[in-house]
Amino acid sequence: MEEKRAEWTNHISFILATVGSAVGLGNVWRFPYIMGKYGGAVFLFTYLFLIAFICIIPLCVELTLGKISRKDTVTTFNMINPKFKGFGWLCVLTVVLISCFYFVVGGWILQYLWLFLTNNIPENFSQYFPLFASGTTIPVILTILFLVMCAIFPFRGVNKGIEKANNIMMPALAVMLILLAIYSLSLPGAKEGLEFMFKPDFSKFDSTMVLTALGQALFTLSIGMGAILTYGSYMKQDTKILKSSYTLIGFDTTVSLLSGIMIFPIVFSFNVEPTAGPTLIFISLPEMFSKLPFPAVLGSLFFILILFAAITSGISMLETAIASMIENFKISRKKATVLLSLFISVVSIPSVFSFGIMKDFQIFGKTFFDFLDFITSNILLPLNTALICLIAGWFVKSIKKEAFGENILGNIFYFLLKFVIPLIFIGVLITGLIQV
Ligand code: PFF
């Protein structure tokens, strides 16, 4: 069943969609913490340098591959050379595996939003969270509910679904984030919070910090899994790739920084140790919200904000796989969405149970949830990024002109693409493996 190729209605929709994909849990629960841990301003400058001169290259390349092929990930690599079709599927597999733990967290967000909206705020979140997450029925139902909330949009199509969702949720997210950040800055811990994030600590500058920054950049920019390629395939042909890529990076980094400005003043107002991941969002922060004035309003705003961030990222994960399924299995968009959702629901179950009845089921010493996070973030993302750069640099003739332009900068980026960037990400891959 041939679907007419969709196109974003205008440039703003394209930017909002890619920002929607990029801005997610990676910005809210990971970036601020690693920035504080790895030397504050020193990390920030290293990160900015790396995204501006290194990660910009695979980002432009993915967008360009989509723009040129106007097809899904699998077909795009198949068009370059049928030998690379399998690699296209590896990218799709990566994004599906990511969704199998990401959506579990989406389910938790729904539960917390419900708690704050209904003002049913537990007394002690450090007791509440493990108890809730180790449950069986409710976390599974909520994961599926979150999946359905994401799937409705690609089910409805690129313009009627995905574009509309991003056009509404992204500006709303920006407003909530700014309001909450301003509120946080009025708290007594604001100075210390900002100090934790921004104070330069040059002793933290080492290879671990650089590799962490690179890994974070791939995840947060949704690079290395065909998601950006897929959104790029819907862009208008006159879109400027390099400029759009820098715009995307600018928005994504601003959201990451504002998230830190929103979170750390609260954390430091209560003298608790800053943490990352589930503990930060589902234990420390909610505990502190409940001690501040208007906890229900504060908590609801915060969880709607992350819900929007997670949904727009979830949509792009699904769309990457759906677009490839439509084209390669010759099925309709609706059928592809339903089949994919069923698959993710099933594989997410052991992920949900990793916090309860399957806690002791370990793969390489990790629960199923942590294992999915590990193989995707530490292995597949750097591996795929290296391969995308090699394939584009060596097998796609027009890549230099289309992605970077025919000028000095274009020449430099093209050289980096062919010879340097693949090596860098293979280095990231090897160190990721050693860290097991
Ligand atoms: N970039 C998202 C984040 O920072 O949370 C994660 C993500 C989105 C990964 C979309 C993969 C994807 F296709």
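Residues numbered from 1 in each chain as written. Predicted model: local features only at pLDDT ≥ 70, side-chain atom pairs only at ≥ 80, totals over all residues. Heavy atoms only, no water.

**What to know about the overall build of the protein chain**
Tallying secondary structure elements over the protein chain gives 18 helices and 2 strands in all. For the protein chain, the C-alpha radius of gyration of 21 Å lies close to 22 Å, the compact-globule estimate for 436 residues. The dimensions of the protein chain, computed from C-alpha atoms along their principal axes, are 60 × 50 × 45 Å. By residue count, 60% of the 436 residues in the protein chain fall in the buried class. Look at the contacts in the protein chain between residues 6 or more apart in sequence, and 82% of them connect residues 24 or more apart. (Helix = DSSP H or I, 4+ residues; strand = E, 2+ residues; numbered from the N terminus. Rg over C-alpha atoms; globule rule 2.2 N^0.38 Å. Buried < 20%, exposed > 50% of the residue type's maximum accessible area, 1.4 Å probe, protein only. Contact = heavy atoms within 4.5 Å.)

**Concerning the site of the ligand**
Looking at the ligand, there are 16 residues lining it, with A22, L25, G26, Y102 and F219 nearest. Between an oxygen atom of the ligand and a main-chain N or O atom of G26, the distance comes to 2.9 Å. The contact in question runs from a nitrogen atom of the ligand to an N or O atom on the backbone of F219, over 2.9 Å. For the ligand, the protein covers 100% of the area, taking 340 Å² as the surface of the free molecule. Elements that contribute at least two residues to the shell around the ligand include exactly helix 1 (11-22), helix 2 (25-37), helix 5 (85-117), helix 10 (207-220) and helix 14 (295-329). (Near = heavy atom within 4 Å. Polar contact = N/O pair within 3.5 Å; in protein donor to acceptor, adjacent residues only side chain to side chain. Areas by Shrake-Rupley, 256 points an atom, 1.4 Å probe, with all protein chains shown as cover.)

**As for the environment of K366**
Within the secondary structure, K366 is located in strand 2 (residues 366-367). On a C-alpha basis, the gap between K366 and S354 in space is 9.4 Å, while along the polypeptide they are 12 residues apart. Apart from the residues within four sequence positions on either side, K366 is in contact with F361, F371 and F374.

**Description of the side chain of T143**
Along the chain, the position of T143 falls in helix 7 (residues 137-156). Sequence-distant contacts of T143, defined by excluding residues within four places in its chain, comprise F103, V104, G107, S348 and V352.

**Focus: the packing of aromatic side chains**
Tallied over the entire structure, the rule returns 39 aromatic pairs. Both rings, one in W108 and one in F369, keep their centres 6.2 Å apart while their planes meet at 15°; by these two values the pair is stacked. Of this pair, W108 sits in helix 5 while F369 sits in helix 16 (residues 368-395), and the two are 261 residues apart along the sequence. Exposure class is identical for W108 and F369. Each is buried. Ring geometry for F302 and F303: centres 5.1 Å apart, planes at 85°, overall edge-to-face. (Phe/Tyr/Trp six-rings, centres within 6.5 Å; stacked < 30°, edge-to-face > 60°.)

**Quick word on the side chain of S348**
One can find S348 in helix 15 (residues 333-353). Of note is the side chain of S348, whose polar atom sits 2.7 Å from the backbone oxygen of I344.

**As for helix 13 (residues 277-289)**
Over its 13 residues, helix 13 extends 17 Å from the first C-alpha to the last, a length consistent with the 18 Å expected when each residue adds 1.5 Å. Counted residue by residue, helix 13 has 11 buried out of 13 residues, so it is predominantly covered. Next to the buried residues of helix 13 lie helix 2, helix 5, helix 6 (125-133), helix 12 (241-269) and helix 14. (Expected span 1.5 Å × (residues − 1).)

**Digging into the nonpolar core**
Residues Y112, F282, F302 and F303 are the most contacted members of the largest nonpolar core, which totals 164 residues. Discounting residues that sit within four places of it in the chain, F282 has contacts with W29, V105, W108, I109, Y112, F125, F129 and F303. (Core = buried A, V, L, I, M, F, W, Y, C linked by side-chain atoms within 4.5 Å.)

**Digging into the pattern of salt bridges**
In a structure, side chains of opposite charge can pair up when their charged atoms sit close to one another. Within the structure shown, the criterion is met by 7 salt bridges. K204 is the partner of D201 in a salt bridge, and the nearest nitrogen-oxygen pair spans 3.3 Å. Of the charged contacts, one joins R333 and E319 as a salt bridge, the two residues approaching to 3.0 Å between their closest N and O atoms. Of the two residues, R333 sits in helix 15 while E319 sits in helix 14, which places them 14 residues apart along the sequence. A cluster of three or more residues bridged by salt bridges with shared partners is formed by E7, R70 and K236. (Salt bridge = Lys/Arg side-chain N within 4 Å of Asp/Glu carboxyl O.)

**What to know about a nonpolar patch on the surface**
Judged by side-chain polarity, F155, V338, L339 and L342 come together as a nonpolar surface patch covering roughly 340 Å² of accessible area. If one sorts the elements of the nonpolar patch by residue count, helix 15 sits on top with 3 residues. Mapping L342 onto the fold places it in helix 15. (Patch = residues over 30% accessible without salt bridge, like charges linked within 9 Å, V, L, I, M, F, W, Y side chains within 5 Å.)

**Re unusual backbone geometry**
Positive phi, normally seen in glycine, also occurs at S222, with a value near 55°. Position of S222 among the secondary structure elements: in the loop between helix 10 and helix 11 (227-232). Even without being a glycine, F364 presents a positive backbone phi close to 50°. Structurally, F364 is set in the loop between strand 1 (362-363) and strand 2. Given a relative accessible area of 68%, F364 falls into the exposed group.

**A short note on helix 9 (residues 190-198)**
The complete set of buried residues in helix 9 reads A190, G193 and M197. The buried residues of helix 9 occupy an angular sector of 65° when projected down its axis, which confines them to one face. Summarising the contacts, the buried residues of helix 9 are in contact with helix 2, helix 3 (41-69), helix 8 (158-185) and helix 12. (Arc of directions from axis to C-beta.)

**Remarks on the state of the cysteines**
As used in these notes, a disulfide is a covalent bond between sulfur atoms, one from each of two cysteines. A full pass over the atoms with the stated rule returns 0 disulfides. Not part of a disulfide, C55 finds its nearest cysteine sulfur in C389, a span of 9.4 Å. The exposure class of C55 is buried, given its relative accessible area of 0%. (Disulfide = S-S within 2.5 Å.)

**Remarks on the environment of L63**
Checked against the element boundaries, L63 lands in helix 3. For the pair L63 and K334, spaced 271 residues apart in the sequence, the C-alpha separation amounts to 25 Å. Excluding its chain neighbours within four sequence positions, the residues that come into contact with L63 are F14, T18, I228, G232, M235, I241 and S245.

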